[in-house]
Amino acid sequence: MAAVTTYREALRATLMEEMDRNPAVVLLGEDIGVYQGTFRITADFLSRYGPRRVIDTPISELGFIGAAIGMAMLGLRPVVEVMTWNFSLLAADQILNNAAKLRYFSGGQVEVPLVIRGPNGAGVQLSAQHSQSLEAVYAHFPGLQVALPATPADVRGLLLTALRGQDPVIFLENAALYGVKGEVPDGDAAIPFGRAEVMRGGRDVTLIAYSRMVHLALAAAEHLAREGVEAEVINLRTLRPLDGETVIHSVRRTHRAVVVQEQWKPFGAAAEIAALISEEAFDLLDAPVERVTGADVPMPYARNLELLALPHERDIVAAARRTLYRQ
Amino acid sequence: MATKRGEAEVQSGALADADLAEALPWYRLMLIARRFEDEAERAFRRGKIGGYLHLYSGQEAVAAGFLAVLRPDDIFFTAYRDHAHAIFRGTPAGAVMAELFGRQTGVVKGKGGSMHIFDVGRGFYGGYGIVGGHIPLATGAAYALRYQGTDRICLCFLGDGAMNSGSFHEPVNMAGLWGREGMCPIVYIVENNRYAMGTAVERSTAVTDLASKFGIHGIPHERLDGQDFLEVRRAARRITAQVRETGRPYAVEAITYRFVAHGAADLFQPYRTKEEVEAWKARDPILLLERALRAAGLLDDGQVEALRREAQEVVAAAVRYAEESPEPPPEELTRDVYAP
Ligand SMILES: Cc1ncc(C[n+]2csc(CCOP(=O)(O)OP(=O)(O)O)c2C)c(N)n1
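Along every chain, residues carry numbers that run from 1 in the direction the sequence is written. All chains are assigned letters beginning with A, and all ligands numbers beginning with 1, in the order in which they are written. pLDDT decides what is reported in this predicted model: residues at 70 or higher carry local features, side-chain atom pairs at 80 or more are listed and counted, and totals for whole chains, interfaces and linings draw on all residues regardless. Only hydrogens and water are set aside; all other atoms, that is, all heavy atoms of the structure, feed into the side-chain values.

Here we look at the interface of chain B and chain A
The accessible area lost on association of the parts is a frequent measure of interface size. Convention followed: Contact between two residues is taken to exist if any of their heavy atoms lie within 4.5 Å; hydrogens are not considered. Two parts placed together each lose some accessible area; with a 1.4 Å probe, that loss summed over both constitutes the buried area. Going along the chain from the N terminus, every DSSP run of H or I of four or more residues is numbered as a helix, and every run of E of two or more is numbered as a strand.
Facing 44 residues of chain B, the contacting portion of chain A comprises 44 residues. Taken over both partners, the interface formed by chain B and chain A buries close to 3,200 Å², and the fraction arising from carbon and sulfur atoms is 66%. Mapped by element, the contributors of at least two residues to the side of chain B that touches chain A are β1 (75-78), α5 (135-147) and α6 (166-180) of chain B.

Encoded structure:
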C-alpha cells in the first residue's frame, strides 16, 4: 500500500509515528509549539504531546542544540528543528565539536542519537543570509550523517532511519519541496543511509543530484530525451555516507557524468563526487566530469540576479550536451 | 532548660565530629589528586605527555566538596581541568594517567587525552576543550534526567572565563525557564580562580560578582569559600538536596585559586605576582582540611606521613601502569566514529 502525500505531510506523519512509538523522542525548536512551526511541520504537536515533549525554545541556537546533545547523551532522542539551516551556524561549535565527536573522544562511551532538521537552500528573494546550502559544511565532518530527501518517500524513509540510528543526523529539507507530492509506501519503509536511487534509467550520460536539484535533473532528462539523449538520473539521498558504488556503476555504462548542486562550486559536494569518479572510473570517461552549481557569490536580492545565481534545468541540459560534444 | 541546651550542644558537637571523620577519606583523595598533578607535570616535562595539560592544584576542595555528596547515580560535566574530578569519583588513577600518556588502557582508549576524561559508568560525562561548550550539554542532560522520571541530578563545573561566552548565557536562561516546571535539576559550580589564562576577572567582565549573573536568569545562587572543603561540602549537601527535591537549578560561585600556571606548557605568569600566589598557598585546601582534622584529634603526624606516602605510591603505580601500557593499536584510529 502506498499513499500519495506531500513532502511536508510525510515529515509530520513520520515524526508523529515515531513519537507515538517511542517516548524518548522529544522535539525542540523555536516556535514549534504554540506558534505551530514556521513551516507547520509540527502543527498540533503541542496539544498532542504536551510541553515536555514539544519544547518551545528561546532564540538560542547554540543553547538548545547543545542541550539536545546533552539530552541525547542521556538516552533521549531529541529532534531539533532549526527554523532554517542558516541559523545552525550559531551552533556550529555544538554540532561540529560536540555532536560529531563525542563518540570518538569518549572512546565509545557516549552516543548522540540526535536529529537536527529544517529547511536548507535558497528561498525566494531572501538574499545572502537566508539562502544558503550548508550540506558541504556538515558533510565535511566525520561523525555526522547528512541526509537530503528529494521526495516524500525519501522523507519518510530517511527520517525513519535517522530516528532509529545511534549517530547524529543532519537532516536537510528544502523549503521549495514542502508542497511536492509523491507516493509514500507504508510499513517499514526505512531507507538505509548511503543508498542512492536511480530515478530514471539511461545510457548516454549520468546526472547526479540531491535534494531539490533532483527535480531539475529529472526535468533536464525529459528535455534531453526529446533530443534523443537518454540521461540516467541518480538521487543521492545522503552525502554522508555517500553511495559511490551506484555513481561509479552508472558512469561505467554511460561514460559521462554531470554533477548538480545548488551550493557554491569551490570545495562543494560536486567536487567530491567528481574526484571520486576520476579516482574510480577515469579510464572509462569519454569526457571531463561537468559540474552545475550555484554562482560563486553571496545570494543577491534582486530577482533577476537571484535567478542568475541559481542552477537551472537549461544549465544541466547544456552540461550534458558538452559531455556529448554536442554544443 | 539549661540541661536541655547542654544536651543539644553535646549532640551538635558529636555531629561535627562525625562530619569531620567523614572528611578523612577526602583528605586522602585530595592528597592523591595533588600528587597526581605534580607527577603529571613531571611526565609532561619528560615528554611523556603531549598536548595541553591543565592542572587543578589549589582548587581541589571545590570538586571534592561537591562530589563528596553526589549520589552514585548522579552525573557531572566539567571543562578541561578534569583529572581530579575523575579521581574523586573513583576512576583509577592509572586509567587517568594512561589517558594522559595516550595509551590503550586510558579512560577513553587514548583518544581524548588530558582534556577529555570520561567515565560514564561513574556518571562522569566528560571534560571538554572548548571553553563553555559543555554548559549546554549539562543543561540538556539535567532535563533528560527529569524527563525520564528520576530524581537524579547533574553538576556542571565551569570556569569564570566561560561565563563570558554565549554558551553560558543561552543554556542558563533555558535552565531558568525549565526550572520553573521543575525540569532542570542542575547545579552550576563556577570555579572562580580569578583568571582565564592570563586575563583577570576584572579585565573580562564588568560585573565581578559572578554568582549574581545567574540571578538575572531566575536562578538562586550563592558564593562560597572554595578553599574550605568542609564549607563546600556543607553547602553542597544543602544545595543538592534542594535541587533533587525541586528540579530547579542552583548556582554556586566558589572562590578559589590555581597554584600552578594555566597550563603546564606556560612557564611565565606575567599576569600575577609571586606574592599573590604565596598568599593563596597559605590557604591551601589540603592544609586547611588537615588542620581541622588535627584539631579534632582525627589526624596526627604519623597518619599524615603515612597518607602522603600512600599518595606517592598510588601515583607512582599509576605512572608505571601508564608507561607499561601499550599504545592504541592502529585499528583504533577508525573506531568510534559511528555506531558499530
Ligand atoms: C572557545 C574557546 N576560546 C578560547 C580557548 C582557549 N582557552 C583555553 S582555557 C582558556 C581560559 C578559560 O578560563 P576559565 O573558564 O576561567 O577556566 P580556568 O582555565 O580558569 O579553569 C582559554 C581562553 C578555548 N579553549 N575555547
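Now that the structure is up, let's keep going.
Regarding the environment of B:A236
Residue and element names in this part refer to chain B. Note the cut-off: When accessible area is computed with a 1.4 Å probe and restricted to protein chains, residues below 20% of their type maximum are described as buried, those above 50% as exposed, and intermediate ones as partly exposed.
Its place among the elements puts A236 in helix α9 (residues 229-246). Classification of A236 as buried rests on a relative accessible area of 0%. If near-sequence neighbours (up to four positions away) are discounted, A236 is found in contact with G65, F66 and V69.

Considering the site of the ligand
All names here are of chain B. Short version of the rule: Nearness of a residue to a molecule or strand requires only that one of the residue's heavy atoms be within 4 Å of it. N or O atoms within 3.5 Å of each other form a polar contact, as long as, within protein, one can give a hydrogen and the other can take it, and as long as residues adjacent in sequence are counted only when both atoms are side-chain atoms. Accessibility throughout is a Shrake-Rupley quantity obtained with a 1.4 Å probe, and a residue counts as covered only by protein chains that appear here. Lys, Arg, Asp and Glu make up the charged group, whereas Ala, Val, Leu, Ile, Met, Phe, Trp, Tyr, Cys and Pro make up the nonpolar group; the residues left over, Gly among them, are polar.
As a structural note, the neighbourhood of the ligand is formed by 14 residues, with Y80, R81, G161, N193 and Y195 the closest of them. Between a nitrogen atom of the ligand and a main-chain N or O atom of G129, the distance comes to 3.0 Å. In the environment of the ligand, an oxygen atom lies 3.3 Å from a nitrogen or oxygen atom belonging to the backbone of D160. Contact with the protein chains covers 68% of the free accessible surface of the ligand, which is 580 Å². Of the residues in the shell around the ligand, the class split is seven nonpolar, five polar and two charged.

Topic: the packing of aromatic side chains
What counts here: Stacked, tilted and edge-to-face pairs are distinguished by plane angle, under 30 degrees for stacked and over 60 for edge-to-face with tilted covering the rest, among Phe, Tyr and Trp rings (Trp via its six-membered ring) whose centres lie within 6.5 Å. In this analysis the charged atom, NZ for Lys or CZ for Arg, is taken to sit over a ring once it is within 6 Å of the ring centre and within 35 degrees of the ring normal.
Counting across every chain of the model gives 20 aromatic pairs over all chains. Here the aromatic rings of A:F39 and A:Y178 are separated by 5.2 Å at their centres, their planes lie at 50°, and the arrangement is tilted. Within this pair, whereas A:F39 is found in the loop between β2 (25-29) and α2 (45-49), its partner A:Y178 is found in the loop between β7 (169-174) and β8 (181-185), the two being separated by 139 residues in sequence. Three or more aromatic residues link up through ring pairs in this structure, and these residues are A:F105, B:F77, B:F118, B:Y125 and B:Y128. The ring of A:Y104 is capped by B:K111, whose NZ or CZ atom sits 4.2 Å from the centre of that ring. Sitting over the face of the ring of B:Y195, B:R194 holds its NZ or CZ atom 5.3 Å from the ring centroid.

Focus: the packing of helix α2 (residues 60-67) of chain B against α9(B)
Residues and elements named next belong to chain B. Put simply, the test is: Axis lines are fitted through C-alpha atoms, for helices just across the contact stretch, and the angle between N-to-C directions can take any value from 0 to 180 degrees. Put simply, a crossing is left-handed when the front helix is turned counterclockwise from the back one by less than a right angle, and right-handed when it is turned clockwise.
In the contact formed by α2 and α9, the axes pass within 8 Å of each other and the chain directions differ by 35°. Crossing hand, α2 versus α9: right-handed. Between α2 and α9, the residues in contact are A61, V62, A64, G65 and F66 and F229, V232, R233 and A236, respectively. Here the contact of α2 with α9 is built from residues that sort into seven nonpolar, one polar and one charged.

Topic: the side chain of A:S133
Residues and elements named next belong to chain A. Its place among the elements puts S133 in the loop between β5 (115-120) and α6 (135-139). A distance of 3.3 Å separates the side chain of S133 from the side chain of E262, its partner in a polar contact. The residues touching S133, leaving out its near neighbours within four places in the chain, are N120, G121, E262 and Q263.

Description of the state of the cysteines
What counts, and what does not: Here, two cysteine sulfur atoms that lie within 2.5 Å of each other are counted as a disulfide.
Tallying each qualifying case throughout the model produces zero disulfides over all chains. Not part of a disulfide, B:C154 finds its nearest cysteine sulfur in B:C156, a span of 6.6 Å.

Some points on the pattern of salt bridges
Residue and element names in this part refer to chain B. Note the threshold: Criterion for a salt bridge: a side-chain nitrogen of Lys or Arg within 4 Å of a carboxyl oxygen of Asp or Glu.
Overall, the coordinates contain 49 salt bridges over all chains when judged by the stated rule. Among the ionic pairs, D284 bridges to R34, the shortest N-O distance being 3.0 Å. Of this pair, D284 sits in the loop between α10 (274-281) and α11 (285-295) while R34 sits in helix α1 (residues 2-45), and the two are 250 residues apart along the sequence. For the residue pair D284 and R34, the accessibility class agrees, reading buried in each case. Here D336 makes a salt bridge to K111, at a shortest N to O gap of 3.1 Å. With D336 in the segment after α12 (301-324) and K111 in the loop between α4 (93-100) and β2 (124-127), this pair connects stretches of sequence that are 225 residues apart.

Regarding helix α1 (residues 7-21) of chain A
Operational definition: Expected span of a helix, by definition, is 1.5 Å for each gap between consecutive residues, and there is one gap fewer than residues.
With 15 residues, α1(A) extends 21 Å from end C-alpha to end C-alpha; this agrees with the ideal 21 Å at 1.5 Å per step. Burial in α1(A) covers these residues: A:Y7, A:A10, A:L11, A:R12, A:T14, A:L15, A:M16, A:E18 and A:M19.

Some details on unusual backbone geometry
All names here are of chain A. With an omega of 0°, the peptide bond running from R240 to P241 counts as cis. With respect to the secondary-structure elements, P241 resides in the loop between β12 (238-240) and α9 (244-254). Its identity as a non-glycine residue notwithstanding, Q36 has a phi of 80°, on the positive side. For R237, which is not glycine, the phi dihedral falls at a positive 70°. Judged by relative accessible area, R237 falls into the buried class, the value being 10%.

What to know about the sheet that holds strand β7 (residues 221-225) of chain B
Residues and elements named next belong to chain B. The cut-off we apply is this: Strands were regarded as paired on the criterion that DSSP finds at least two bridges between them.
If you walk across this open sheet you meet the six strands as β2-β1-β3-β4-β8-β7, and the pairing is parallel. Strands with a single pairing partner mark the edges of an open sheet, and in this sheet they are β2 and β7. Strand-to-strand, the axes of this sheet are offset by a mean angle of 15°, without reference to chain direction. Two elements, β1 and β2, share two bridges in a ladder whose sense is parallel.

Quick word on helix α7 (residues 152-164) of chain A
All names here are of chain A. With 13 residues, α7 should reach 18 Å at 1.5 Å per residue; the first-to-last C-alpha distance of 18 Å fits that figure. Most of α7 is tucked away: 10 of the 13 residues are buried. Buried within α7 are the following residues: P152, D154, V155, R156, G157, L158, L159, L160, A162 and L163.

Observations concerning the nonpolar core
The condition that has to hold: By nonpolar core we mean a set of buried residues, namely Ala, Val, Leu, Ile, Met, Phe, Trp, Tyr and Cys, connected to one another through side-chain atoms within 4.5 Å.
Counting 159 residues, the largest nonpolar core has A:M73, B:F88, B:M97 and B:Y188 as the members making the most contacts within it. The dominant element in this core, judged by the number of residues it contributes, is α1(B), at 13 residues. Grouped together as the second largest cluster of nonpolar side chains are 28 residues, A:L27, A:V155, A:L163 and A:Y178 included.

Focus: the confidence of the model for chain B
All names here are of chain B. Formally: pLDDT runs from 0 to 100 and stands for how confident the predictor is about each residue.
Residue-level pLDDT values for chain B average 95, and 96% of them are 70 or greater. Note that pLDDT drops below 50 for residues 1-6; the model gives that stretch zero contacts with residues more than four away or on any other chain. Model confidence for the complex: the whole-complex pTM is 0.93, and ipTM, which rates the interface, is 0.89.

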